[in-house]
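# Coordinates in review
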Amino acid sequence: MGQVVTVVGGGLAGSECALQLARRGLGVRLCEQRPAKASPAHHGALLAELVCSNSLKSTKPDSAAGLLKWELGLMGSELLEVARTCAVPAGGALAVDRDRFSAAVTERVESSPLIEVVREEVTSIPEGPCVIAAGPLCSDALFSAIAERVGGERMSFYDAAAPIVDADSLDRSVVFEQSRYGGEGAGDYLNCPMGREEYDAFMEALLSAERVIARDFEQADLFCACQPVEEVARTGHDSLRFGAMKPVGLVDPRTGRRPWAAVQLRAESASRAAYNLVGFQTNLTWPEQRRVFRMIPGLGEAEFLRYGVMHRNSFVDTPHTLDATFAIPGTRARLAGQITGTEGYVEAIASGLLAALNMAAELAGCEPVRLPATGALGSLVAYATDPQTTGYQPMHVNFGLFPPLENPPRNKAERRAALAERGRADLAAYVGSRPDLFAGAAR
Ligand SMILES: Cc1cc2nc3c(=O)[nH]c(=O)nc-3n(C[C@H](O)[C@H](O)[C@H](O)COP(=O)(O)OP(=O)(O)OC[C@H]3O[C@@H](n4cnc5c(N)ncnc54)[C@H](O)[C@@H]3O)c2cc1C
């Protein structure tokens, strides 16, 4: 065997990365700490375990998640191919039988003659070319080693975030712009007014919704500092009406009266393309967030750019720490997957693929990968590696990250279709221009 690349972490990013490197004739030493050392969210020993939902999101060609899948197909993703063979019915989404998926990925990795799977924890940055894909629950020793290298202030350890919704998906006939008591900054806040019956039904759904099981590791420093919205609701039927959902200082323009309760949405950026649900950090599972929070008036069709999370989430401040290929400057180590702050199963697969391409290019002395920023993955990479990005937070692919169209159609569906079409054309042209990386890639 010639060159050997060490890949740390046999999750989604690490498994994809290992298979892609092997496909390019490189030897791989894939180190996975399970089963000897369990992660707080993983349950078994199989590679590519899906830690929560079994959904890999939309397959619709004009959605950002659907476009990402198309891009992965074009670039020859191994895990996406496996996922399609393990699909279960899920409407316009790709959902998989999680056990079959992980078993099939494990089988594919273990049967590769170029991949050696080593079941051990890695506690320092390996010598030689390596890809660290140890995920949001990276072991403490390795995370400390990375922190030592990039600077501890450039690392995040914990994530308690409220969901973020796409501004275009809000029902503007219901939500209204207003700061409390008509104060400054109207437009930075949108309000979703609730009547009494709507509030009662919402409380019932919130209290009975399925939660991610709080694990010992999460409870200690979390719940006193920042209560999940469903835990606040549990303290009393009106607790939220006197807390995150208080209606004081608001007047619903449709009725001229104060609503019974209100959810406030705060703009995520100056462009107001996305809003977060103020005070709605939550432990609900992602499908339940979609179901329950869509009961909020004005959010019936809400598209979630990011779900609320409350778990340990170790990620580096990529824009200010890694180079444009996600490498730690001055080392032969590249990061991939959620540890770089790109969030979501399919995003992790994509990140693993990209790390393999960049590693293969580096070892072959070729140009690094420069994906067009007009695509789903390219725009996420541009966001994650742009030093101008401030307040870096984990992010899914979404159209809000795409550069605007020159002449955008007014109609939202047409605008998305045009964005997706431009993305597909640009990526196809790029892939065609790099036979050194992609020859015979499409799956
Ligand atoms: C609680 C929770 C729920 C989530 N729910 C969803 C969801 O429903 N949908 C979704 O799209 N995304 C979800 N995510 C995000 C999800 O984790 C990522 O999208 C995805 O799994 C990240 O892939 P990854 O390859 O980066 O990490 P992982 O898939 O977590 O893989 C990392 C691997 O590295 C191993 N490892 C860690 N440290 C070491 C070490 N030092 N040495 C060797 N091996 C090591 C781990 O055991 C693990 O197998 C969730 C995340 C968490 C934490």
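What you are looking at is a predicted structure, and each value in this text was computed from that prediction instead of being measured. Throughout, residues of each chain are indexed from 1 in the direction in which the sequence is written. Only residues with pLDDT of at least 70 are given local features in this predicted model, and only at 80 or more are side-chain atom pairs given and counted; all residues enter the totals for whole chains, interfaces and linings. Note that the side-chain values use all heavy atoms of the structure and ignore hydrogens as well as water.

### Considerations on the packing of aromatic side chains
For clarity, the cut-off: Any Phe, Tyr or Trp ring, taking Trp's six-membered ring, that has another such ring centre within 6.5 Å forms a pair; planes under 30 degrees apart are called stacked, those over 60 apart edge-to-face, and the others tilted. In this scheme, a residue with accessible area under 20% of its type's maximum is buried, one over 50% is exposed, and one in between is partly exposed, where area comes from a 1.4 Å probe on protein chains only. In this text, helices come from DSSP runs of H or I with a minimum length of four residues, and strands from runs of E with a minimum of two, each type numbered from the N-terminal end. A ring is scored as having a charge over it whenever the NZ atom of a lysine or the CZ atom of an arginine sits within 6 Å of its centre and within 35 degrees of its normal.
Counting across every chain of the model gives 8 aromatic pairs. Here F304 and Y307 contribute two aromatic rings whose centre-to-centre distance is 5.1 Å and whose plane-to-plane angle is 10 degrees, an arrangement assigned as stacked. The pair F304 / Y307 is uniform in exposure class, with both members buried. Ring plane angle 65 degrees and centroid distance 6.3 Å describe the contact between F315 and Y392, whose orientation is recorded as edge-to-face. A residue pair is termed long-range when its members are at least 10 positions apart, and F315 in strand β15 (residues 309-316) and Y392 in the loop between α11 (376-385) and α12 (412-433) qualify at 77 residues. With relative accessibility at 2%, the residue F315 sits in the buried group. Among the aromatic residues, those joined into a cluster by ring pairs are F202, F280 and F293. Across from the ring centre of W260, 3.8 Å away, lies the NZ or CZ of R241, which sits over that ring.

### A look at the nonpolar core
As a rule of thumb, soluble globular proteins bury nonpolar side chains together. Rules: The set of buried Ala, Val, Leu, Ile, Met, Phe, Trp, Tyr and Cys residues whose side-chain atoms join them within 4.5 Å is what this entry labels a nonpolar core.
If you look at the biggest cluster of nonpolar residues, it comprises 92 residues, and the most contacted ones within it are L12, L21, F101, I132 and I146. Ranked by residue count, the leading element in this core is helix α10 (residues 345-364), at 13 residues.

### A few points about empty space enclosed by the protein
To keep things clear, this is the line we draw: Definitions used for this entry: grid spacing 1 Å over protein atoms alone; cavity, a set of points where a 1.4 Å probe fits but cannot get out; pocket, an open set with protein on both sides within 12 Å along at least 5 of 7 lines; lining residue, one with an atom within 4 Å of a point. Grid points are joined across faces, edges and corners, and a volume is the space filled by probe spheres set on the points. Note on residue classes: Ala, Val, Leu, Ile, Met, Phe, Trp, Tyr, Cys and Pro are nonpolar, Asp, Glu, Lys and Arg are charged, and everything else, Gly too, is polar.
For the structure shown, the criterion picks out 2 cavities of 30 Å³ or more. In this structure, the largest cavity encloses a volume near 50 Å³. Along its surface, the largest cavity is lined by F326, T342, E347, A350, S351, L354, L377, L380 and V381. Of all elements in the fold, only α10 and α11 reach the threshold of two or more residues within the lining of the largest cavity. The element that contributes the greatest number of residues to the lining of the largest cavity is α10, accounting for 4 residues. Its volume calculated, the second largest cavity comes out at about 30 Å³. A per-element tally of the lining of the second largest cavity places α11 first, with 3 residues. Taken together, the residues that form the lining of the second largest cavity break down as 5 nonpolar, 3 polar and 1 charged.

### A look at the confidence of the model for the protein
To keep things clear, this is the line we draw: Per-residue confidence from the prediction method is given by pLDDT, with values spanning 0 to 100. Throughout, a residue-residue contact means that at least one pair of heavy atoms, one from each residue, lies within 4.5 Å.
The predicted model of the protein averages 91 in pLDDT, with 94% of residues at 70 or higher. Low confidence marks residues 216-225, where pLDDT is under 50. Its contacts with residues over four positions away, or in another chain, come to 14 contacts.

### Comments concerning the packing of helix α1 (residues 12-23) against helix α3 (residues 78-85)
Just so we agree on the cut-off: To get an axis, a line is fitted to the C-alpha atoms, and for a helix only the part in contact is used. The angle between two axes follows their N-to-C directions and goes from 0 to 180 degrees. An angle below 35 degrees is treated as roughly parallel, one above 145 as roughly antiparallel, one from 65 to 115 as roughly perpendicular, and anything else as oblique.
In the contact formed by α1 and α3, the axes pass within 8 Å of each other and the chain directions differ by 115 degrees. Here α3 runs roughly perpendicular to α1, going by the angle between their axes. In this structure, α1 contributes L12, S15, E16, L19, Q20 and R23 to the contact, and α3 contributes E78, L79 and L80.

### Digging into the domain arrangement of the protein
So the rule is basically this: Throughout, the edges of the domains are those of an automatic or database domain assignment. Between Lys or Arg on one side and Asp or Glu on the other, a salt bridge is scored when a side-chain nitrogen of the former is within 4 Å of a carboxyl oxygen of the latter.
One can read the domain layout of the protein as domain 1 (4-159 + 312-438) and domain 2 (164-307). Computed over C-alpha atoms, the centres of domain 1 and domain 2 are 31 Å apart. Counting residues at the interface gives 18 residues for domain 1, matched by 14 residues for domain 2. Close ionic contact of E343 with R306 constitutes a salt bridge, the shortest N to O distance being 3.4 Å. Those elements giving two or more residues to the side of domain 1 that touches domain 2 turn out to be β8 (155-161), β15 and α12. The greatest single-element share of the side of domain 1 that touches domain 2, amounting to 3 residues, is contributed by α12. Residues belonging to the side of domain 1 that touches domain 2 are distributed by class as follows: 6 nonpolar, 6 polar and 6 charged.

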